[in-house]
Every structure is written in C-alpha cells, then in structure tokens.
Amino acid sequence: MRTRTAVRRGVPLPGALLVAFLAALLCTLTLGAGTASAHAALTATDPADGSVVPAAPARVTLTFSEGVLLSPDSVRVLDPRGERVDEGRPQHDGGRSGTATVALRAGIADGTYTVAWQAVSADSHPVAGAFTFSVGAPSKTTVTVDSAATRTDPAVAAFYAIGRYAAYAGFVLLVGGCVFAGVCRSSRAVQRVAVGGWIALFVSTVALLLLRGAFTSGKGMGSVLDLSLLGGVLSTKPGAALLSRLLLLSAAAVFLAVLFGTHAQEDDGRGRSGDGAAAAAGGRTLGRRRDIAWGLGVGGTLVAGGLAATWALAEHASAGLQPWLAMPVDVAHLLGVAVWLGGLAALLATLWSGERIRRTAVARFSRMAFVAVCVLVATGLYQSWRQVGSWDALTGTEYGRWLLVKAGLVVIMVGVAFLSRRWTGRLVDAPEPTRRPPGRRKAGAGYGSAPSSDKAARGAAKSTSDAKPASSDTKPRSGAQPVSGAGAAAGVKDAAASEAPKAPAGDPVRAAQLARQRAAREKAAGRRVRDADTGRTGLRRSVLAEAGVAVVVLAVTTALTGTQPGRAETEQRRAAAGRTAAPSAAGPADVRIAYDTGGIDGRGTARVTVDPARTGANTLTVTLTDASGRPVDVPELTLSMTEKEKQIGPLRAALERQSAGLWKAKDFRLPMAGDWQLSLTVRTSDIDQVTEIENVKII
C-alpha cells in the first residue's frame with residue numbers, strides 16, 4: 001500500500017511542475033515587460049553638457065543609447081548651492097523608453113546647474129552619471145560632477161556579486177546533481193550535492209532580491225530591508241525574474257523529494273529482491289516506475305529550463321541583437337554548463353565518499369559530458385559573436401578579454417577531462433557476488449565489492465588493532481580490480497566494531513571515548529581500502545583538478561555577466577568619435593573622448609574644452625576621469641590640433657597640470673577658422689598608450 005500511495009502521488013508531478021513553470025514564466029513576462037537593451041549610455045542631453053543657455057529651460061531631457069528603467073530619483077537637478085530645483089517624477093519623453101525628462105521650477109536664477117542621473121538598463125545593470133549646464137553665465141557651485149553622480153555602495157556591491165556567484169553555483173549543483181542521479185547513479189553523496197545546490201540557489205536568490213534595491217539606487221546596507229525599495233524591485237523585470245526563480249524552486253523541492261525519496265527507495269527495494277515472489281512484485285511495478293521516471297524527466301526538464309530562463313530573460317541575452325534567438329540559446333548554454341560542471345561535482349562527491357560506482361556509470365557520465373561540451377561550444381560561439389562583434393573588440397574591450405580568459409579555462413578543463421576518460425578506461429568492475437537472502441548475507445558483501453571481501457575486512461581490522469600490515473589474503477585476485485571499496489569498508493567497520501573493547505556499564509564518558517576511537521579506526525581503514533584502488537584514485541584526482549578549474553570558470557562567468565558587452569562598447573566609441581563639436585555663439589567647443597590604453601585602469605573619458613573656439617587666442621582645458629567617473633592622473637598627456645585642408649599643424653599645446661585629472665593650456669593660438677583635427681594622446685604606463693582623434697570647428 002505504501003508503494004501504491006507513493007506512485008499515485010508521483011504521477012501528477014509533470015502537470016504540477018508544468019503549472020508552476022507557466023506561472024513563473026507569466027510572472028516574468030507580465031511584471032517585467034520592457035524594451036530589450038544592453039548597458040545604456042547617455043548619448044545626448046537638453047540642455048547640452050557644458051552649454052550656456054540664455055534663459056532657464058522648462059525641463060531637462062536625457063537621451064540614452066538603449067531603453068532604461070526610471071525611479072523617482074533617476075534625474076536630480078541641483079542649483080549652485082546644492083538644492084534641488086526639479087519638480088515631479090522623471091518620465092519617458094513621449095513614451096520613448098530610451099529617454100528621461102523632468103520638469104524644473106519656474107523662475108530659477110542664473111548660474112551653473114548640475115544634473116545627476118541614475119537608471120537601470122533593461123539587462124538589469126545600473127548606470128549613473130552627472131553633467132552641468134549654465135543659465136545666463138557660468139557661476140561658482142558647491143556641487144561637483146563627481147560628488148553628484150550616484151555611486152553603488154561598496155559593501156552592497158560586494159555582497160551582490162557574492163550572491164550572483166552563489167546563484168550560478170547553486171543552479172549548477174542542483175541541475176547537474178539531479179541529472180547525474182537520474183542518468184548515472186543516485187547515492188547519498190549525490191543527494192547532498194543536489195540539495196546543497198537547491199539551498200545555495202534559494203538563499204542567494206532571496207539575498208539578491210533584498211539587495212537589488214540598494215544596489216541600483218546607490219544606497220547602503222541599512223536600506224536592504226526597505227519595503228519601498230523591495231516593492232520597486234518587484235515591479236521591474238529583474239525583480240520579477242528573481243521572484244519567478246523562487247516559485248520554480250518550490251517545484252524543484254518537490255522534484256528532489258520524489259527523485260531521492262520514493263523513486264530511490266523503490267530502486268533499492270527492487271535491487272535487493274532475491275526471491276521469486278519479490279521478483280514478481282518488482283515486475284508488476286515496472287510500468288508504474290516507468291511512469292514516475294517519465295514524469296521526473298519531463299518535470300525536471302521544465303524546472304531546469306525555467307530556472308535558466310530567469311537569467312536569460314533579465315540579463316545580456318534579453319538585450320541587444322537578436323534577443324528572440326539569444327534567449328533560448330542562453331538557456332541551452334546554462335543547461336550545458338550545469339550538466340557538465342554539476343555532474344562533475346556529483347561524480348567527485350561519489351568518488352570521495354568511497355561509495356561504489358560501476359565503470360558503466362562513469363562512462364555514461366563521460367558521454368553525457370561530451371554532449372554538454374558540444375552544446376557549450378555551439379552556443380558559446382554564437383554568444384561570443386553576438387556580444388563581441390569583431391576581432392578588435394575581443395582584445396580591445398574588457399568583455400572580450402574576460403571572454404578570452406574563460407575560453408582558455410574551458411580548454412584546460414577539456415584537457416583534464418581527457419585524462420579522466422583515460423582513467424575511466426582503466427576501471428574494472430568486480431564480479432557481482434551471488435545473491436543471497438537478506439538474512440544469510442555475509443557482512444560486507446554487496447554489489448561492486450571486491451572478491452574475498454570477508455578476508456579484506458578481517459585483514460583491515462587486524463591491521464587497525466595490531467598496527468601490523470594486512471596479509472596477502474586481503475588483496476583481490478588479478479583481473480578483478482573493484483571500482484569501489486565500499487563492501488570491504490563495510491566489513492572493516494563490522495569487524496572493528498566486534499573486536500573493540502566494551503565500555504564499563506554506567507560509564508557514558510568512557511563509552512563516548514570508545515565510540516570516537518571506533519569511528520576513527522573505521523574511517524582510517526575505509527580510506528586505506530579506498531586508496532588501494534589505483535584506477536579509482538587516479539580518476540578521483542583528475543576529477544578534483546577538473547572541478548577546481550570549474551570553480552574559476554564560474555567566477556569568470558559571473559564577471560562576464562556584469563560587464564558591458566564588447567559590441568555595445570565599440571558602438572558607443574564609434575558614435576562618440578563620429579560626433580563633431582560645434583560651438584555656439586554663447587559658449588566654447590566641448591569634446592568628450594572615450595579612451596582605452598589596454599592596460600590596467602586604462603579606460604576612461606577625456607573632456608576637452610576649447611574656449612572660445614575662435615581664431616586667435618584660446619584656452620584649452622582637459623579633464624580626465626576613470627571608468628567610474630573619478631578624476632585620474634596619467635604619466636603623460638599631449639594634445640595637438642591640425643587643419644588638414646590647409647595643411648597647417650600639428651600645433652602642440654603646452655598643457656600644464658592644475659590638479660588631479662585637470663590640465664590647461666592658455667594662449668593657444670589658432671590662425672584660421674575651419675574644421676580642425678584634435679589629437680589627444682594618453683599614456684597610462686610605460687607601454688600602454690593610445691591616441692584618439694576628434695574634430696572641432698573653429699569660427
């Protein structure tokens with residue numbers, strides 16, 4: 001009756017998991033609907049950055065390269081004293097998701113105003129910055145661009161990064177452990193891997209949901225439990241994806257209970273059945289077991305695909321080029337990673353625990369891992385083309401360099417996996433012992449145990465108690481090298497327990513001491529039996545090396561998902577290089593140049609101001625900021641201007657350092673009007689240097 005009840009409960013599993021999957025998918029699509037985009041970059045402002053307008057504007061408008069998500073504090077306008085002069089909540093101008101506009105108070109005074117903005121790209125990454133404009137004439141201000149720009153709290157950023165890594169690791173262990181248990185072998189060690197992955201994914205998802213608001217708004221750890229921030233997060237696509245993940249994890253808990261509970265118990269019962277009546281009963285339940293196995297396969301696929309989709313629907317795959325194809329490819333990529341790396345962790349746990357495992361099971365995982373690697377290569381090539389776009393971006397952008405590191409690590413893993421396959425070929429299964437009724441089975445006898453396991457147990461126990469080497473009888477016969485020493489280890493435990501001294505009656509302290517001694521002897525004897533199998537030891541070491549590289553691969557993958565794609569960075573550079581700074585009658589020419597010398601801390605932005613951008617004497621001002629917007633000094637900075645059409649120049653400016661990140665050249669004379677080519681050379685180290693060129697119109 002118990003078996004029938006369990007089967008009846010397991011049959012509806014595919015339907016229940018399908019409902020959970022559809023509900024989570026609907027939650028993600030409805031709560032998080034938005035325009036797909038990559039890391040958004042500010043492309044234009046009205047008023048323009050650094051401009052001087054004759055009268056106060058009615059509103060400030062920002063235009064981004066991609067769609068953004070806005071919050072009540074996405075755009076703040078500060079007067080020279082640092083007080084806010086914006087009114088109302090920022091909105092999308094004309095309903096366009098790539099814009100943000102906010103109204104200003106009527107009758108604001110002349111002076112310099114600072115606009116601080118922050119937003120969230122549709123691929124879940126926060127972006128922020130600041131710029132200035134002046135009304136009437138520039139003035140002194142207590143607000144600086146660097147202080148006004150929103151910065152992510154370092155503690156929040158660190159915990160958020162840890163949470164993202166833990167989420168990836170948990171997903172890999174959960175999915176890979178379950179696949180290994182269903183296809184290769186189920187055991188207590190594999191169960192611990194899968195359940196540990198579920199716990200890690202659940203805890204990290206809750207942590208990410210709580211940290212998300214503080215991470216995107218630039219607030220500290222004290223705001224993690226702010227319910228208003230949590231409500232705002234749940235109304236966005238990334239928040240909906242995290243909520244959907246929690247819903248799918250509830251279905252995954254049911255799946256784990258069936259896979260390692262009822263299904264595993266019936267497996268053990270069927271394997272132990274030795275008499276004719278038990279064999280007949282096993283045959284009658286075979287059809288029902290197939291129904292449960294089918295349900296586990298369908299349900300597990302739905303849950304695993306749904307969990308992978310919570311990343312694909314909210315990160316890089318949902319943004320930029322071909323999102324309709326990139327999202328399913330990303331799901332396949334994540335599942336391939338989980339099957340390979342998670343299965344690797346399950347195999348390592350099985351080998352390390354000393355539990356028996358047949359050569360056929362290891363070979364089956366080897367074939368499964370090969371298929372997973374093929375999926376990874378195919379999907380990875382497409383993702384690399386989509387996110388990088390060119391060979392130059394592969395080495396000239398941060399994303400491309402991280403991608404090269406990941407590719408190198410995967411090549412190393414494949415090489416170690418080849419060694420593991422060779423060790424798998426050396427494994428030899430012990431002949432299966434004759435089945436006996438449960439009451440007549442010898443201690444230590446079992447499937448996959450070594451021949452003469454009773455002798456091995458007696459020899460190991462003797463070596464433990466007398467500190468003498470075991471006799472030659474403990475060695476297995478030639479050609480019968482066991483895959484596991486589990487049976488022999490069990491015999492060692494029984495023998496050690498029977499020969500151990502008994503504690504005096506009524507002395508619990510002595511009893512506990514003897515129990516600890518017995519446990520230590522059994523553990524040491526089990527390790528000797530386990531390590532005596534050279535094939536198993538070699539396989540365990542190679543799998544351990546492979547798993548160590550996998551840990552680093554997951555860390556690099558986490559860094560990649562938080563880095564701006566190389567294609568988007570290259571397009572932004574091209575757009576900035578194609579713009580020509582045209583001065584107005586009221587102000588100087590202002591040029592922004594993004595540079596990357598290729599070295600450590602080699603990325604930044606240079607702002608060059610030519611005042612008044614007319615023939616005759618001009619003042620050149622150069623401001624350098626790093627990738628986070630902070631002023632930065634460099635060992636060498638040179639600037640020259642050339643009039644190509646009239647073949648004048650290059651005229652080199654005598655730049656003098658004023659403060660951190662600020663250089664000036666006064667009385668820089670330009671002899672005639674026209675389109676002048678501005679060349680800026682930035683050197684950040686002895687070998688890292690780059691020259692960027694922009695056009696400036698002189699009137």
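Preceding block: the structure.
Reading the values: rules and limits
- Residues numbered from 1 in each chain as written.
- Predicted model: local features only at pLDDT ≥ 70, side-chain atom pairs only at ≥ 80, totals over all residues.
- Heavy atoms only, no water.
- Helix = DSSP H or I, 4+ residues; strand = E, 2+ residues; numbered from the N terminus.
- Buried < 20%, exposed > 50% of the residue type's maximum accessible area, 1.4 Å probe, protein only.
- Contact = heavy atoms within 4.5 Å.
- Areas by Shrake-Rupley, 256 points an atom, 1.4 Å probe, with all protein chains shown as cover.
- Patch = residues over 30% accessible without salt bridge, like charges linked within 9 Å, V, L, I, M, F, W, Y side chains within 5 Å.
- Salt bridge = Lys/Arg side-chain N within 4 Å of Asp/Glu carboxyl O.
- Pairing = 2+ DSSP bridges.
- Axes fitted to C-alpha atoms, helices over the stretch in contact; angles between N-to-C directions.
- Phe/Tyr/Trp six-rings, centres within 6.5 Å; stacked < 30°, edge-to-face > 60°.
- Lys NZ or Arg CZ within 6 Å of the ring centre and 35° of its normal.

**Student:** I tried to follow the overall build of the protein on my own but got confused; where do I start?
**Tutor:** Secondary structure assignment for the protein yields 18 helices and 19 strands. A buried classification covers 47% of the 699 residues belonging to the protein. A sequence separation of at least 24 residues applies to 70% of the contacts in the protein between residues at least 6 apart. Accessible surface computed for the protein: about 33,400 Å², of which carbon and sulfur atoms make up 59%.

**Student:** Would you mind going over a nonpolar patch on the surface with me for this structure?
**Tutor:** Where nonpolar side chains cluster on the molecular surface, the patch consists of Val195, Ile199, Phe202, Val203 and Val206 and spans about 360 Å² of accessible area. Checked against the element boundaries, Val206 lands in helix 5 (residues 188-217). With a relative accessible area of 30%, Val206 lands in the partly exposed category.

**Student:** Honestly, the sheet that holds strand 13 (residues 616-626) in this entry has me stumped. Any pointers?
**Tutor:** Strand-to-strand pairing in sheets goes through backbone hydrogen bonds, with the strands running parallel or antiparallel. Taken in spatial order, the five strands make up an open sheet running 11-12-13-17-16, and their pairing is antiparallel. Strands with a single pairing partner mark the edges of an open sheet, and in this sheet they are strand 11 (589-596) and strand 16 (656-659). The average undirected angle you get between the axes of adjacent strands in this sheet is 25°. Summarising the sheet, strand 13 and strand 17 (residues 662-670) pair through seven bridges and their orientation is antiparallel. Bridge pairing in strand 17 links Leu620 to Ala665.

**Student:** Before we go on, may I ask you to explain the packing of aromatic side chains in this structure?
**Tutor:** Scanning the entire structure with this criterion turns up eight aromatic pairs. Measuring from ring centre to ring centre gives 5.2 Å for Phe64 and Trp117, while their planes differ by 70°; the resulting arrangement is edge-to-face. Taken together, the residues span a long stretch of sequence, with Phe64 in strand 3 (residues 59-64) and Trp117 in strand 8 (residues 111-121) at a distance of 53 residues. Overall, Phe64 belongs to the buried group, its relative accessible area being 7%. A connected cluster of aromatic rings, assembled from ring pairs, spans Tyr168, Phe171 and Trp311. Taking NZ or CZ as reference, Arg245 lies 3.8 Å from the ring centre of Trp311, over its face.

**Student:** Looking at this structure, I do not really get the pairing of strand 11. What am I missing?
**Tutor:** Two faces belong to every sheet, and in a regular strand the side chains alternate between them. Bridge count between strand 11 and strand 12 (residues 603-611): eight bridges; the pairing is antiparallel. Following the sheet pairing, Asp590 is matched in strand 12 by Thr609.

**Student:** What is the right way to read the pattern of salt bridges from this model?
**Tutor:** Working definition: two side chains of opposite charge can pair if their charged atoms are close together. Applying the stated criterion across every chain yields a total of 15 salt bridges. A salt bridge links Asp79 to Arg81; its shortest N-O distance comes to 3.9 Å. One salt bridge in this structure joins Arg603 and Glu398, with 2.8 Å as the shortest N-O distance. Residue Arg603 is found in strand 12, and its partner Glu398 is found in helix 13 (residues 398-426); the two are separated by 205 residues along the sequence. Residue Glu398 is classed as partly exposed on the basis of its relative accessible area, which comes to 31%.

So, to be careful, I would describe these as geometric facts and stop short of saying anything about function.
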